[in-house]
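# A structural walkthrough
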Amino acid sequence: MTIKKLNEVMRNPKLYAQTKALYSYLYVRADHKTNIAYPPKKQILEELNLTEGLFTQGLAVLEKQGYIKTTSKEKYTYTTYKLLENAEEV
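How each quantity is defined
Residues numbered from 1 in each chain as written. Predicted model: local features only at pLDDT ≥ 70, side-chain atom pairs only at ≥ 80, totals over all residues. Heavy atoms only, no water. Helix = DSSP H or I, 4+ residues; strand = E, 2+ residues; numbered from the N terminus. Buried < 20%, exposed > 50% of the residue type's maximum accessible area, 1.4 Å probe, protein only. Expected span 1.5 Å × (residues − 1). Polar contact = N/O pair within 3.5 Å; in protein donor to acceptor, adjacent residues only side chain to side chain. Arc of directions from axis to C-beta. Contact = heavy atoms within 4.5 Å.

Looking now at unusual backbone geometry. The phi torsion at asparagine 35 lies on the positive side, around 65 degrees, for a residue other than glycine. Of note, asparagine 35 is situated in the loop between α2 (17–29) and β1 (36–37). For asparagine 49, which is not glycine, the phi torsion reads 55 degrees and is therefore positive. Checked against the element boundaries, asparagine 49 lands in the loop between α3 (41–48) and α4 (52–64). On the basis of relative accessible area, asparagine 49 is assigned to the exposed category, the value being 69%.

As structure tokens, then:
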């Protein structure tokens, strides 16, 4: 994961500001060796001041565009967000 990918997301005119903020947040919170972020959803919503709907919509857009891959672990544990360098990683 490079700053080049972050720059690509920030300059994408098709993404809303909330979606860019969500990606930036995940980028900052990611372990840059594994490209995986795992902040709690509640914390993301509070710190970005997002509604549940905007959060869900933003994740869907980022996944569809090939910027992230979301993985849920069990029903009550956690979700990881893998930031992708290339669309082929999906």
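Right, picking up where we left off after that structure.
The end-to-end C-alpha distance of α2 is 18 Å, a good match for the 18 Å that 13 residues give at a rise of 1.5 Å each. Considered for burial, the residues of α2 that qualify are Thr19, Lys20, Leu22, Tyr23, Tyr25, Leu26 and Tyr27.

On to the environment of threonine 51, then. Along the chain, threonine 51 turns up in the loop between α3 and α4. At 3.1 Å, the side chain of threonine 51 forms a polar contact with the backbone nitrogen of leucine 54.

Here helix α1 (residues 3–10) has its buried residues at Lys5, Leu6 and Val9. Here the buried residues of α1 occupy an arc of 100 degrees about the axis, which is enough to place them on one side. Facing away from the buried side of α1, by more than 90 degrees, are the exposed residues Ile3 and Lys4. Where the residues of α1 are buried, they touch α2.

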